[in-house]
Amino acid sequence: MSVDSPTSEGDGSPGRVTCSLCGHRLGSAGRFASFYPTDDRSAPAPAAEDGVVAVCADCTVEVDELVDAWAGHDAPPVADEWSIGAGYRRVAEDCSFCDRAVDGDAVLGVEYFDREAAYGGGDGPHANFSLCDGCATVFEEFLDNVGGDGGV
Ligand SMILES: [Zn+2]
Ligand SMILES: [Zn+2]
């Protein structure tokens, strides 16, 4: 398997997964985003439970639009001595969105991937990003609005 999924349990059957953003059943085009905050920040609210957000095809359109503007980087180094979030901070020199240096600051590591890559041997999109604290906050607000009915 090409993906070393950090959340080994979860919902099990892919067919029962619903979109974390709008609540609709996840179609075959659904994608996932895993969040790895450094110790000094927390994962976005939709991912509070297990650090993963499931995104259905409809919501993927909006999320893709945003993520396309980010500069991805290599997979973070994994080691016992540091958290995965700290690994993202190590591999990323700059914020994937605003290019600000993230050295020493709170970082939200984001792994964005295709469900085929997660559940099978698929070779879908699989990208890693690191957001600085400010951009992570903006991203959280963005997630809050995706799939909503324009409330607030
Ligand atoms: Zn959705
Ligand atoms: Zn930033």
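Note that this is a predicted model, so its numbers are computed, not measured. Every chain is numbered on its own, with residues counted from 1 as its sequence reads. Chains and ligands are labelled sequentially in the order written, the chains with letters from A and the ligands with numbers from 1. Confidence filtering applies because this is a predicted model: local features only for residues at pLDDT of at least 70, side-chain atom pairs given and counted only at 80 or more, and all residues used for totals across whole chains, interfaces and linings. As a convention, hydrogens and water are excluded, and side-chain values are obtained from all of the structure's heavy atoms.

S.K.: Looking at this model, I keep getting lost on the coordination of the zinc ion (ligand 2). Mind explaining?
M.R.: Coordination angles at a metal have ideal targets, namely 109.5 degrees for four tetrahedral donors and 90 or 180 degrees for six octahedral donors. Metal donors: N, O and S atoms at distances within 2.8 Å, or within 3.2 Å for Na, K and Ca, with water omitted from the atom set so that some sites may seem incomplete. The coordination sphere of the zinc ion (ligand 2), as far as protein atoms go, consists of Cys-95 (SG), Cys-98 (SG), Cys-132 (SG) and Cys-135 (SG), spread over 2.2 to 2.3 Å. In these descriptions, tetrahedral denotes four donors with every angle between 85 and 135 degrees, square planar four donors and octahedral six donors with opposite donors over 155 degrees apart and the rest between 65 and 115, and irregular any other case. Note that the zinc ion (ligand 2) binds four donor atoms; their angles at the metal cover 106 to 116°, and the shape is tetrahedral. Residue exposure (1.4 Å probe, protein chains only): buried if accessible area is under 20% of the type maximum, exposed if over 50%, otherwise partly exposed. Judged by relative accessible area, which is 37%, Cys-98 ranks as partly exposed.

S.K.: Any chance you could explain the coordination of the zinc ion (ligand 1) here in plain terms?
M.R.: The coordination sphere of the zinc ion (ligand 1), as far as protein atoms go, consists of Cys-19 (SG), Cys-22 (SG), Cys-56 (SG) and Cys-59 (SG), spread over 2.2 to 2.4 Å. Taken together, the four donor atoms surrounding the zinc ion (ligand 1) define angles of 106 to 114° at the centre, an arrangement classified as tetrahedral. Counting gaps between the donor residues of the zinc ion (ligand 1) yields the pattern C-x2-C-x33-C-x2-C. Highlighted residues: Cys-19 in the segment before strand 1 (31–37) and Cys-59 in helix 1 (residues 57–67), separated in sequence by 40 residues. In this description a helix means any DSSP run of H or I spanning at least four residues, a strand means any run of E spanning at least two, and both kinds are numbered starting from the N terminus.

S.K.: In this structure, what is going on with the pattern of salt bridges? I would like to understand it.
M.R.: Note that side chains of opposite charge can pair when their charged atoms are close. Throughout this description, the term salt bridge denotes a Lys or Arg side-chain nitrogen within 4 Å of a carboxyl oxygen of Asp or Glu. Taken as a whole, this structure holds five salt bridges when the rule is applied. As a salt-bridge pair, Asp-40 and Arg-89 come within 3.9 Å of each other at their nearest N and O atoms. Here Arg-89 lies in helix 2 (residues 84–91) and Asp-40 lies in the loop between strand 1 and strand 2 (52–55), a separation of 49 residues in the sequence. Judged by its relative accessible area of 49%, Asp-40 falls in the partly exposed class. Notably, a salt bridge pairs Arg-100 with Asp-105, separated by 3.4 Å at the nearest N-O pair. Residue classification places Arg-100 among the partly exposed positions, given a relative accessible area of 39%. Connected through shared salt-bridge partners, Arg-41, Asp-133 and Glu-140 make up one network.

S.K.: Hey, could you run me through a negative patch on the surface in this one?
M.R.: Like charges are joined within 9 Å and nonpolar side chains (Val, Leu, Ile, Met, Phe, Trp, Tyr) within 5 Å, but only among residues with over 30% relative accessible area and no salt bridge; these make up the patches. Here the accessible surface of atoms and residues is derived via Shrake-Rupley with a 1.4 Å probe, and residues count as covered only by protein chains that are part of the display. We score Asp and Glu as negative and Lys and Arg as positive, and we do not count His or the chain ends. Taken as the charge location is NZ of Lys, CZ of Arg, CG of Asp or CD of Glu. Together, Asp-58, Glu-62, Glu-65 and Asp-68 make up a region of like negative charge exposed at the surface. As for its position among the elements, Asp-68 is in the loop between helix 1 and helix 2.

S.K.: I keep staring at the pairing of strand 1 and nothing clicks. Help me out?
M.R.: In the case of a regular strand, side chains alternate between the two sheet surfaces. Buried residues dominate strand 1, accounting for six of its seven residues. Bridge count between strand 1 and strand 2: four bridges; the pairing is antiparallel. Among the inter-strand pairings, Phe-32 is bridged to a residue of strand 2, identified as Ala-54. Whether two strands pair comes down to DSSP finding at least two bridges between them.

S.K.: Teacher, can you tell me more about the side chain of His-73 here?
M.R.: Tracing the backbone shows His-73 in the loop between helix 1 and helix 2. For His-73, a relative accessible area of 18% gives the class buried. Only 2.8 Å separates the side chain of His-73 from the side chain of Ser-130, close enough to count as a polar contact. Contacts were defined at the residue level, with two residues in contact if any of their heavy atoms lie within 4.5 Å. Residues within four places of His-73 in sequence aside, it is in contact with Tyr-88, Val-91, Ala-92, Ser-96, Asn-128, Phe-129 and Ser-130. Each polar contact in these results corresponds to two N or O atoms within 3.5 Å; when the atoms are within protein, one needs to be able to donate a hydrogen and the other to accept it, and residues that are neighboring in sequence are counted only if both atoms are side-chain atoms.

S.K.: Which parts of the structure should I look at to understand helix 2?
M.R.: All of the buried residues along helix 2 are Gly-85, Ala-86, Gly-87 and Tyr-88. Buried-residue contacts for helix 2 involve strand 1, strand 3 (107–114) and strand 4 (126–132).

S.K.: Help me understand the environment of Asp-105, please; the structure alone is not making it clear to me.
M.R.: Tracing the chain through its elements places Asp-105 in the loop between helix 2 and strand 3. For the pair formed by Asp-105 and Asp-133, sequence separation is 28 residues and the distance between their alpha carbons is 7.3 Å. Setting aside residues up to four positions removed in sequence, Asp-105 forms contacts with Thr-38, Arg-89 and Arg-100.

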